[in-house]
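Next come the chains, spelled out residue by residue.
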Amino acid sequence: MLLIQKPMIKKMKLTSENKPIDKLLEVNGLSIQALHPVRKNLVHNISFDIEASETVALVGESGSGKSLTAFSLFGLQPNDIKISNGSVTFEGEIVYPSTKATIRALCQFSVGFVFQEAQSSLNPVVSIGKQIVEVVKNSGTENTNISQQKQKAINLLDEVEIDDPERVYNLFPHQLSGGMKQRVMIAIALAKNPRLLIADEPTTALDVSVQAKILKLIRQIQVKSGMGVLFITHDLAVAFEIADRIMVMKEGQIIDCTSSKSFSSTKPSEYAKKLISSLPSWSKRVSEGRTNFQDSEESILRVNNLSVSFQLKKNHIFSRRNFFKAIENVTFTLQKGRTLAVVGESGSGKTTLAKTILGLCSAELSGNITYQDTNILNCSSRDLKKIRGSLQIVFQDPISSLNPRLRIGEIIREGIDIHEPKQNDKLVLKKVNALLNDVGLPSDSMYRFPHEFSGGQRQRICIARALALEPEVIICDEPTSSLDVLIQSQIIDLLKQLQKNKGISYLFITHDINLVSYFADEVLVLRKGKLIEYGEVHEVVMKANNPYTQSLLAAAPKVPEDVIKNLL
């Protein structure tokens, strides 16, 4: 049996000339090739390095090769993809070409990974605490007993800003929100005290306040340990917030590589300028002349004193049952043809609010949700079925919300077949074709499966499915959080155009304050289930009164104004 020993990590390595080696990672002339179904170059002759305590951001749109590059460095690419040329060196030791045992040892002891899909990365049948302890035990931690390992796991959960870490230690992944699962992934990556952290979109699912704390935490760890970070993101604002250097990648090539402080003065490429111009902001909205807000005379959805409470498990068989209030006395009105943004950190009750409006929440409910004079909370199942045709939802993750076994045409028409079963088949196919055209997809898309589309295209399919029943209200639950800025811009433009043409109202759930200021008409701020602030977007975003709202606005990452002015 092959035994893997922990590599010796020295505080400072020396060259033959007795000069310290500061570079943790060196990549020279790296090319990556797909073997099947045909040989194709995916990454072309890239070179870069990362020094100790340095953060390098790798930025680009979906499919540019960011994640493939990062994971191929340490042998984590798929079996039908290989490195065809180049070399990779870590702390002066050759990683590629090298043996699998060497790569495994580095991944086990010296390199931490934060994957983009926290849901699929965590083991669903193992508790959160055990998954962290497993990494602590296998990372060479010596002279520590079980209680010390458990305490370290709890401390890591506390460091990544998870409330009540002792309780979360015993929970399973399905019991956590998307943002909390991502924080657990970061805790697991940091458990081994890595020399290099490869973070693939680590803050995509996080709200701005937690994102700011995570970025600050990474910085603090860098100062203490000299850890280097390869930070993969599609958000240029986040890249400017954390990175010392920014690399822009397009179609497998690095076309820009410069210090974040001198980004605008080094004449970046037209593609980099395009990425920056696609970022949503209030100033961009002003430049488009969309600052005249007109009240609609017709309210389409009214929520009055809504409270949602979940029963908690008893501690003992004879103890009193306790309740957790997810929503508490929330009141607002959604007007016809307008967009109301719901903002708040993870666990604030945003998604619970959406599910309750749709009649999908099994909990203790009080208050009223009125849609066109019908109280959703007290109506019959027959009436609720009719209402659901007019209230549709676009989910955060298009991959998990589309049935992989159905073709796109079947997915879009499914709602029509349920709510309008007597419609003529030819008319239904004609309507599906029209819906695909509305969302900017070719008509032959209806014969393909979800895995054949990109992330942005899948989200367009979800929007087409929501439009199939001609709804008056669409609830958008983080519809662009996993998309790069170019695709996000396209989806937002699509939503604006559909709203203009069809008069649809949006309840837009997001943690992106910059997107809210660009897209929404009104804003509702939630914190721990309570309504903190509610009003017109220019009043809430530009003149926030509540300290919590002010903290959310302050935590939102922004591209420096001088960069925007110089480039655009």
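Now for a description of the structure that goes with this document. (Residues numbered from 1 in each chain as written. Predicted model: local features only at pLDDT ≥ 70, side-chain atom pairs only at ≥ 80, totals over all residues. Heavy atoms only, no water.)

## Thoughts on the overall build of the chain
Secondary structure summary: the chain contains 22 helices and 20 strands in total. For the chain, whose C-alpha radius of gyration is 25 Å, the value lies close to the compact-globule estimate of 24 Å for 568 residues. Structurally, the chain occupies a C-alpha span of about 80 × 65 × 50 Å along its principal axes. Burial analysis of the chain (568 residues in total) assigns 52% to the buried set. A fraction of 71% describes how many contacts in the chain between residues 6 or more apart in sequence connect residues 24 or more apart. For the chain, the computed accessible surface area is about 27600 Å², with 48% contributed by carbon and sulfur atoms. Side chains of the chain carry 68 positive and 60 negative charges; the gap between the two charge centres is 4 Å. (Helix = DSSP H or I, 4+ residues; strand = E, 2+ residues; numbered from the N terminus. Rg over C-alpha atoms; globule rule 2.2 N^0.38 Å. Buried < 20%, exposed > 50% of the residue type's maximum accessible area, 1.4 Å probe, protein only. Contact = heavy atoms within 4.5 Å. Areas by Shrake-Rupley, 256 points an atom, 1.4 Å probe, with all protein chains shown as cover. Lys, Arg positive; Asp, Glu negative; His and termini not counted. Charge placed at Lys NZ, Arg CZ, Asp CG, Glu CD.)

## Observations regarding the packing of aromatic side chains
Scanning all chains against the criterion turns up seven aromatic pairs. Aromatic side chains Phe74 and Phe113 sit 6.3 Å apart centroid to centroid with 80° between the ring planes, which places their arrangement in the edge-to-face category. A residue pair is termed long-range when its members are at least 10 positions apart, and Phe74 in the loop between helix H1 (66-72) and strand E4 (81-90) and Phe113 in strand E6 (residues 111-114) qualify at 39 residues. Each ring, one from Phe508 and one from Phe519, has its centre 5.0 Å from the other, and the planes form 65°; the classification is edge-to-face. Of the two residues, Phe508 sits in strand E18 (residues 505-510) while Phe519 sits in helix H19 (residues 513-519), which places them eleven residues apart along the sequence. For the residue pair Phe508 and Phe519, the accessibility class agrees, reading buried in each case. By the ring-pair criterion, three or more aromatic residues cluster together here, those being Phe71, Phe74, Phe90, Phe113 and Phe115. Here Lys284 stacks its cationic end above the ring of Tyr518, 5.2 Å away from the centre of that ring. (Phe/Tyr/Trp six-rings, centres within 6.5 Å; stacked < 30°, edge-to-face > 60°. Lys NZ or Arg CZ within 6 Å of the ring centre and 35° of its normal.)

## Quick word on the sheet that holds strand E2 (residues 40-51)
With respect to topology, four strands assemble into an open sheet ordered E2-E1-E4-E5, the strand pairing being antiparallel. Edge strands, defined here as strands with exactly one partner in the open sheet, are E2 and strand E5 (93-96). Recorded for the sheet is a direction-independent mean angle of 10° between the axes of neighbouring strands. Relative to E2, strand E1 (residues 23-34) runs antiparallel, the two being bridged by eight bridges. Opposite Gln33, over in E2, you have Asn41 as the bridge partner. (Pairing = 2+ DSSP bridges. Axes fitted to C-alpha atoms, helices over the stretch in contact; angles between N-to-C directions.)

## Observations regarding the sheet that holds strand E8 (residues 228-233)
Remark on secondary structure: sheet strands pair via backbone hydrogen bonds, oriented parallel or antiparallel. The strand order E6-E7-E8-E3-E9-E10 describes an open sheet built from six strands, whose pairing is mixed. Strands at the two margins of the open sheet, each flanked by one partner only, are E6 and strand E10 (253-259). Within the sheet, the average angular offset between the axes of one strand and its neighbour, ignoring direction, is 15°. Here helix H8 (residues 208-225) sits on the sheet in contact with strand E3 (55-59), strand E7 (196-200) and E8, set at roughly 160° to E8.

## Some remarks on a negative patch on the surface
A cluster of like negative charges, contributed by Asp158, Glu159, Asp163 and Glu166, occupies part of the molecular surface. Its place among the elements puts Glu166 in helix H6 (residues 165-169). (Patch = residues over 30% accessible without salt bridge, like charges linked within 9 Å, V, L, I, M, F, W, Y side chains within 5 Å. Salt bridge = Lys/Arg side-chain N within 4 Å of Asp/Glu carboxyl O.)

## A short note on the pattern of salt bridges
One pass over the full model with this rule turns up 20 salt bridges. Here Lys496 makes a salt bridge to Asp493, at a shortest N to O gap of 3.5 Å. With a gap of three residues between them, Lys496 and Asp493 both fall in helix H18 (residues 485-502), about one helical turn apart. Each of the salt bridges in this network shares a partner with another, and the network as a whole consists of Lys23, Asp49, Glu54 and Arg245.

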